[in-house]
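# Inside the fold
Read off the chains here:
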Amino acid sequence: MRRPFLIAALALLALCVLVEVGSPILLPQKSPDCSVLSGTKPCAPLPPGFPEDCRPLHAAICEGEDVDPSDVVRTQKENPPTPGLGIPYLALVDALLLLTLGLMGASLIIPERVHGRVQGLATLIGSIVALLTGFGLLMAAIALTLTMITLVASVPFGTLAYLAVWGFFNRGGAAGTLGFLMFLKLAAGVCLVLAHQRFLQNKGLVLLYLTSLLANAVVSLLHGLVPGILVSITDAVSAIIVAILGLIWAVLLLVGALVSILKVLRLKRAAPA
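Residues numbered from 1 in each chain as written. Predicted model: local features only at pLDDT ≥ 70, side-chain atom pairs only at ≥ 80, totals over all residues. Heavy atoms only, no water.

Next up on the list: the environment of V255. Summarising the element assignment, V255 is placed in helix α9 (residues 231-270). C-alpha of V255 to C-alpha of L124: the two residues are 131 residues apart in sequence and 8.3 Å apart in space. (Helix = DSSP H or I, 4+ residues; strand = E, 2+ residues; numbered from the N terminus.)

What follows concerns a nonpolar patch on the surface. On the surface, L15, L18, F180 and F183 cluster together to form a nonpolar patch covering roughly 410 Å² of accessible area. Elements represented by at least two residues in the nonpolar patch include exactly α1 (3-26) and α7 (171-195). Note on placement: F183 falls in helix α7. For F183, a relative accessible area of 54% translates into the label exposed. (Patch = residues over 30% accessible without salt bridge, like charges linked within 9 Å, V, L, I, M, F, W, Y side chains within 5 Å. Areas by Shrake-Rupley, 256 points an atom, 1.4 Å probe, with all protein chains shown as cover. Salt bridge = Lys/Arg side-chain N within 4 Å of Asp/Glu carboxyl O. Buried < 20%, exposed > 50% of the residue type's maximum accessible area, 1.4 Å probe, protein only.)

What follows deals with the pattern of salt bridges. What the rule picks out here adds up to two salt bridges. Between D94 and K185 there is a salt bridge whose closest N-O contact spans 3.0 Å. Residue D94 is located in helix α4 (residues 86-106), and its partner K185 is located in helix α7; the two are separated by 91 residues in the primary sequence. Per residue, the accessibility class of D94 equals that of K185, and both read buried.

Before going further, it helps to examine the nonpolar core. Of all hydrophobic cores here, the largest spans 44 residues; its most connected members are Y89, L90, L101, F199 and V242. Where this core is concerned, the elements lending two or more residues are α1, α4, α5 (112-153), α7, α8 (203-223) and α9. With 10 residues, α9 is the single largest residue contributor to this core. Not counting residues up to four positions away in its chain, the partners in contact with V242 are Y89, L90, V93, A215 and V219. (Core = buried A, V, L, I, M, F, W, Y, C linked by side-chain atoms within 4.5 Å. Contact = heavy atoms within 4.5 Å.)

Turning next to the confidence of the model for the chain. In the predicted model, the chain carries a mean pLDDT of 83, and the fraction of residues at 70 or more is 74%. Looking over the chain, one finds the lowest element-wise mean pLDDT in helix α3 (residues 69-78), namely 63, and the highest in α8, namely 95. (pLDDT = per-residue confidence, 0-100.)

Take the layout of surface pockets next. For the largest pocket, the calculated volume is near 280 Å³. Every residue lining the largest pocket is counted, 16 residues in all, and those nearest its centre are T100, M104, Q119, T123 and L253. Where the lining of the largest pocket is concerned, the elements lending two or more residues are α4, α5, α8 and α9. Here the element with the most residues in the lining of the largest pocket is α9; it accounts for six residues. Within the lining of the largest pocket, the residues separate by chemical class into eight nonpolar, eight polar and no charged. (1 Å grid on protein atoms, 1.4 Å probe; cavity = no way out; pocket = protein on both sides within 12 Å on 5 of 7 lines; lining within 4 Å. Points joined across faces, edges and corners; volume = space filled by probe spheres on them. Nonpolar A, V, L, I, M, F, W, Y, C, P; charged D, E, K, R; others polar.)

What follows is about the environment of L245. Within the secondary structure, L245 sits in helix α9. On the basis of relative accessible area, L245 is assigned to the buried category, the value being 19%. With 30 residues separating them in the primary sequence, L245 and A215 have C-alpha atoms 7.9 Å apart. When residues no more than four places from it in sequence are discounted, the contact partners of L245 are V93, T211 and A215.

Laid out in C-alpha coordinates, this is it:
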(Lines give C-alpha, C1' and ligand atoms only; values in the text may rest on other atoms or scores of the structure.)
Protein backbone atom coordinates (compact mmCIF):
# COMPACT_ATOMS: atom_id res chain seq x y z
CA MET A 1 0.00 0.00 0.00
CA ARG A 2 1.44 3.37 -1.04
CA ARG A 3 0.09 5.51 1.77
CA PRO A 4 0.91 8.96 0.32
CA PHE A 5 -1.39 8.31 -2.65
CA LEU A 6 -4.19 7.07 -0.40
CA ILE A 7 -3.87 10.16 1.79
CA ALA A 8 -3.91 12.33 -1.37
CA ALA A 9 -7.12 10.61 -2.56
CA LEU A 10 -8.79 11.20 0.81
CA ALA A 11 -7.69 14.85 0.79
CA LEU A 12 -9.04 15.39 -2.73
CA LEU A 13 -12.42 13.86 -1.86
CA ALA A 14 -12.59 15.89 1.35
CA LEU A 15 -11.93 19.02 -0.71
CA CYS A 16 -14.77 18.00 -3.06
CA VAL A 17 -17.21 17.79 -0.16
CA LEU A 18 -16.05 21.14 1.23
CA VAL A 19 -16.50 22.85 -2.15
CA GLU A 20 -19.95 21.32 -2.58
CA VAL A 21 -21.11 22.30 0.88
CA GLY A 22 -19.67 25.80 0.49
CA SER A 23 -21.05 26.41 -3.00
CA PRO A 24 -24.22 28.19 -1.74
CA ILE A 25 -21.93 30.90 -0.36
CA LEU A 26 -19.61 31.07 -3.37
CA LEU A 27 -21.99 30.76 -6.32
CA PRO A 28 -24.95 33.13 -5.88
CA GLN A 29 -25.00 35.66 -8.70
CA LYS A 30 -26.17 39.19 -8.04
CA SER A 31 -29.37 39.77 -9.95
CA PRO A 32 -29.06 42.28 -12.80
CA ASP A 33 -30.29 45.78 -12.06
CA CYS A 34 -33.72 45.90 -13.66
CA SER A 35 -34.76 49.03 -11.80
CA VAL A 36 -35.00 50.79 -15.18
CA LEU A 37 -38.36 49.03 -15.51
CA SER A 38 -39.75 50.89 -12.50
CA GLY A 39 -42.12 53.72 -13.31
CA THR A 40 -42.36 52.76 -17.00
CA LYS A 41 -45.27 51.44 -18.97
CA PRO A 42 -45.36 47.62 -19.28
CA CYS A 43 -44.57 47.61 -23.01
CA ALA A 44 -42.54 50.79 -23.26
CA PRO A 45 -39.69 50.67 -25.82
CA LEU A 46 -36.44 49.43 -24.36
CA PRO A 47 -33.95 52.21 -23.65
CA PRO A 48 -30.35 52.06 -24.93
CA GLY A 49 -28.09 49.88 -22.85
CA PHE A 50 -30.98 47.87 -21.40
CA PRO A 51 -29.56 44.83 -19.51
CA GLU A 52 -29.87 41.69 -21.62
CA ASP A 53 -30.71 39.58 -18.56
CA CYS A 54 -33.74 41.79 -17.90
CA ARG A 55 -35.31 41.23 -21.33
CA PRO A 56 -37.26 38.06 -20.29
CA LEU A 57 -38.67 40.01 -17.36
CA HIS A 58 -39.65 42.89 -19.64
CA ALA A 59 -41.28 40.50 -22.12
CA ALA A 60 -43.30 38.83 -19.35
CA ILE A 61 -44.45 42.20 -18.06
CA CYS A 62 -45.66 43.06 -21.57
CA GLU A 63 -47.84 39.95 -21.63
CA GLY A 64 -49.61 40.85 -18.40
CA GLU A 65 -52.48 43.18 -17.95
CA ASP A 66 -52.52 45.74 -15.14
CA VAL A 67 -48.96 44.77 -14.15
CA ASP A 68 -46.98 47.41 -12.30
CA PRO A 69 -43.28 47.04 -13.24
CA SER A 70 -42.33 48.67 -9.92
CA ASP A 71 -43.93 45.77 -8.01
CA VAL A 72 -41.94 43.25 -10.05
CA VAL A 73 -38.65 45.07 -9.49
CA ARG A 74 -39.38 45.36 -5.76
CA THR A 75 -40.04 41.61 -5.57
CA GLN A 76 -36.72 40.96 -7.29
CA LYS A 77 -34.81 43.18 -4.87
CA GLU A 78 -36.48 41.67 -1.79
CA ASN A 79 -35.37 38.13 -2.73
CA PRO A 80 -31.67 37.32 -2.60
CA PRO A 81 -30.03 35.46 -5.53
CA THR A 82 -30.57 31.70 -5.39
CA PRO A 83 -27.39 29.56 -5.44
CA GLY A 84 -29.06 26.38 -6.71
CA LEU A 85 -29.33 22.92 -5.23
CA GLY A 86 -27.57 20.58 -7.66
CA ILE A 87 -23.98 21.17 -6.54
CA PRO A 88 -24.61 21.15 -2.75
CA TYR A 89 -26.62 17.92 -3.11
CA LEU A 90 -23.56 16.21 -4.62
CA ALA A 91 -22.20 16.09 -1.08
CA LEU A 92 -24.80 13.41 -0.28
CA VAL A 93 -23.00 10.95 -2.55
CA ASP A 94 -19.45 12.20 -2.10
CA ALA A 95 -19.65 12.16 1.71
CA LEU A 96 -20.58 8.47 1.57
CA LEU A 97 -17.66 7.84 -0.79
CA LEU A 98 -15.32 9.69 1.56
CA LEU A 99 -16.64 7.73 4.56
CA THR A 100 -16.20 4.39 2.79
CA LEU A 101 -12.67 5.16 1.63
CA GLY A 102 -11.76 6.66 5.00
CA LEU A 103 -12.79 3.48 6.81
CA MET A 104 -10.70 1.45 4.36
CA GLY A 105 -7.73 3.69 5.05
CA ALA A 106 -8.28 3.36 8.79
CA SER A 107 -7.45 -0.35 8.49
CA LEU A 108 -3.81 0.69 8.02
CA ILE A 109 -3.76 2.25 11.48
CA ILE A 110 -6.34 0.38 13.56
CA PRO A 111 -5.76 -3.31 14.37
CA GLU A 112 -7.82 -5.63 12.17
CA ARG A 113 -9.86 -7.04 15.05
CA VAL A 114 -10.87 -3.57 16.27
CA HIS A 115 -11.34 -2.21 12.75
CA GLY A 116 -13.96 -4.83 11.92
CA ARG A 117 -16.14 -3.63 14.78
CA VAL A 118 -15.54 0.09 14.22
CA GLN A 119 -16.19 -0.13 10.48
CA GLY A 120 -19.64 -1.67 10.87
CA LEU A 121 -20.72 0.79 13.56
CA ALA A 122 -19.34 3.85 11.74
CA THR A 123 -20.99 2.79 8.48
CA LEU A 124 -24.29 2.21 10.31
CA ILE A 125 -24.25 5.68 11.87
CA GLY A 126 -23.13 7.34 8.64
CA SER A 127 -25.77 5.63 6.52
CA ILE A 128 -28.57 6.51 8.98
CA VAL A 129 -27.49 10.17 8.98
CA ALA A 130 -27.33 10.10 5.18
CA LEU A 131 -30.82 8.55 4.97
CA LEU A 132 -32.42 11.13 7.24
CA THR A 133 -30.59 14.05 5.62
CA GLY A 134 -31.15 12.78 2.09
CA PHE A 135 -34.88 12.25 2.62
CA GLY A 136 -35.34 15.75 4.02
CA LEU A 137 -33.35 17.31 1.17
CA LEU A 138 -35.26 15.25 -1.39
CA MET A 139 -38.60 16.53 -0.09
CA ALA A 140 -37.29 20.10 -0.14
CA ALA A 141 -36.08 19.78 -3.73
CA ILE A 142 -39.38 18.27 -4.89
CA ALA A 143 -41.37 21.03 -3.19
CA LEU A 144 -39.19 23.75 -4.74
CA THR A 145 -39.40 22.17 -8.20
CA LEU A 146 -43.19 21.96 -8.07
CA THR A 147 -43.38 25.57 -6.85
CA MET A 148 -41.24 26.85 -9.71
CA ILE A 149 -43.09 24.84 -12.37
CA THR A 150 -46.45 26.02 -11.04
CA LEU A 151 -45.32 29.64 -11.15
CA VAL A 152 -43.94 29.37 -14.68
CA ALA A 153 -47.23 27.88 -15.88
CA SER A 154 -49.31 30.58 -14.16
CA VAL A 155 -49.08 33.29 -16.80
CA PRO A 156 -48.60 36.18 -16.34
CA PHE A 157 -48.32 36.89 -12.61
CA GLY A 158 -46.83 33.53 -11.61
CA THR A 159 -44.31 33.74 -14.44
CA LEU A 160 -43.33 37.22 -13.34
CA ALA A 161 -42.82 36.02 -9.76
CA TYR A 162 -40.65 33.13 -11.01
CA LEU A 163 -38.53 35.39 -13.22
CA ALA A 164 -38.07 37.91 -10.42
CA VAL A 165 -36.94 35.31 -7.88
CA TRP A 166 -35.42 32.39 -9.87
CA GLY A 167 -34.93 33.75 -13.37
CA PHE A 168 -31.23 34.47 -12.86
CA PHE A 169 -28.78 31.60 -12.35
CA ASN A 170 -24.99 31.73 -12.20
CA ARG A 171 -24.56 29.10 -14.89
CA GLY A 172 -20.98 30.13 -15.67
CA GLY A 173 -19.88 29.88 -12.05
CA ALA A 174 -21.68 26.55 -11.64
CA ALA A 175 -20.01 25.16 -14.78
CA GLY A 176 -16.58 26.17 -13.48
CA THR A 177 -17.28 24.61 -10.09
CA LEU A 178 -18.54 21.36 -11.63
CA GLY A 179 -15.47 21.17 -13.86
CA PHE A 180 -13.21 21.67 -10.85
CA LEU A 181 -15.09 18.98 -8.91
CA MET A 182 -14.81 16.53 -11.80
CA PHE A 183 -11.05 17.19 -11.95
CA LEU A 184 -10.69 16.54 -8.22
CA LYS A 185 -12.67 13.30 -8.46
CA LEU A 186 -10.69 12.01 -11.43
CA ALA A 187 -7.44 12.90 -9.67
CA ALA A 188 -8.67 11.05 -6.57
CA GLY A 189 -9.41 7.99 -8.71
CA VAL A 190 -5.90 8.05 -10.17
CA CYS A 191 -4.42 8.34 -6.68
CA LEU A 192 -6.45 5.33 -5.53
CA VAL A 193 -5.12 3.19 -8.38
CA LEU A 194 -1.58 4.35 -7.63
CA ALA A 195 -2.09 3.62 -3.92
CA HIS A 196 -3.01 -0.01 -4.64
CA GLN A 197 -4.53 -1.79 -7.63
CA ARG A 198 -6.71 -3.86 -5.31
CA PHE A 199 -9.04 -0.91 -4.92
CA LEU A 200 -10.24 -1.75 -8.44
CA GLN A 201 -11.32 -5.19 -7.18
CA ASN A 202 -13.66 -3.65 -4.62
CA LYS A 203 -16.85 -3.52 -6.69
CA GLY A 204 -18.79 -1.51 -4.11
CA LEU A 205 -16.15 1.21 -3.94
CA VAL A 206 -15.81 1.36 -7.73
CA LEU A 207 -19.58 1.62 -8.23
CA LEU A 208 -19.88 4.33 -5.58
CA TYR A 209 -17.04 6.25 -7.25
CA LEU A 210 -18.71 5.93 -10.66
CA THR A 211 -21.99 7.10 -9.12
CA SER A 212 -20.20 10.22 -7.90
CA LEU A 213 -18.92 10.93 -11.42
CA LEU A 214 -22.37 10.24 -12.87
CA ALA A 215 -24.06 12.63 -10.42
CA ASN A 216 -21.54 15.34 -11.33
CA ALA A 217 -22.25 14.80 -15.05
CA VAL A 218 -26.04 14.84 -14.55
CA VAL A 219 -25.95 18.22 -12.80
CA SER A 220 -23.70 19.65 -15.50
CA LEU A 221 -25.90 18.27 -18.30
CA LEU A 222 -29.14 19.62 -16.87
CA HIS A 223 -27.58 23.05 -16.33
CA GLY A 224 -26.80 23.34 -20.02
CA LEU A 225 -29.94 21.73 -21.38
CA VAL A 226 -32.34 24.70 -21.22
CA PRO A 227 -32.32 28.48 -21.67
CA GLY A 228 -30.85 30.48 -18.82
CA ILE A 229 -34.16 31.53 -17.30
CA LEU A 230 -35.15 27.89 -16.76
CA VAL A 231 -31.87 26.61 -15.31
CA SER A 232 -33.17 26.99 -11.75
CA ILE A 233 -35.82 24.36 -12.53
CA THR A 234 -33.46 21.84 -14.16
CA ASP A 235 -30.98 22.46 -11.34
CA ALA A 236 -33.66 21.45 -8.81
CA VAL A 237 -34.46 18.39 -10.94
CA SER A 238 -30.77 17.42 -10.87
CA ALA A 239 -30.84 17.80 -7.09
CA ILE A 240 -33.75 15.33 -6.93
CA ILE A 241 -31.80 12.81 -9.02
CA VAL A 242 -28.66 13.19 -6.91
CA ALA A 243 -30.67 12.88 -3.68
CA ILE A 244 -32.23 9.62 -4.94
CA LEU A 245 -28.77 8.26 -5.82
CA GLY A 246 -27.54 9.20 -2.35
CA LEU A 247 -30.51 7.51 -0.69
CA ILE A 248 -29.97 4.31 -2.68
CA TRP A 249 -26.37 4.13 -1.55
CA ALA A 250 -27.29 4.98 2.02
CA VAL A 251 -29.70 2.03 2.07
CA LEU A 252 -27.06 -0.29 0.56
CA LEU A 253 -24.45 0.79 3.11
CA LEU A 254 -26.99 0.44 5.93
CA VAL A 255 -27.74 -3.14 4.91
CA GLY A 256 -24.02 -3.90 4.62
CA ALA A 257 -23.36 -2.40 8.05
CA LEU A 258 -26.11 -4.46 9.67
CA VAL A 259 -24.77 -7.64 8.09
CA SER A 260 -21.26 -6.79 9.30
CA ILE A 261 -22.46 -6.10 12.85
CA LEU A 262 -24.44 -9.36 12.95
CA LYS A 263 -21.36 -11.30 11.84
CA VAL A 264 -19.29 -9.75 14.64
CA LEU A 265 -21.97 -10.62 17.19
CA ARG A 266 -22.13 -14.21 15.97
CA LEU A 267 -18.37 -14.54 16.20
CA LYS A 268 -18.50 -13.25 19.78
CA ARG A 269 -21.11 -15.81 20.71
CA ALA A 270 -19.20 -18.60 18.97
CA ALA A 271 -15.91 -17.67 20.62
CA PRO A 272 -14.96 -19.92 23.58
CA ALA A 273 -15.32 -18.35 27.01
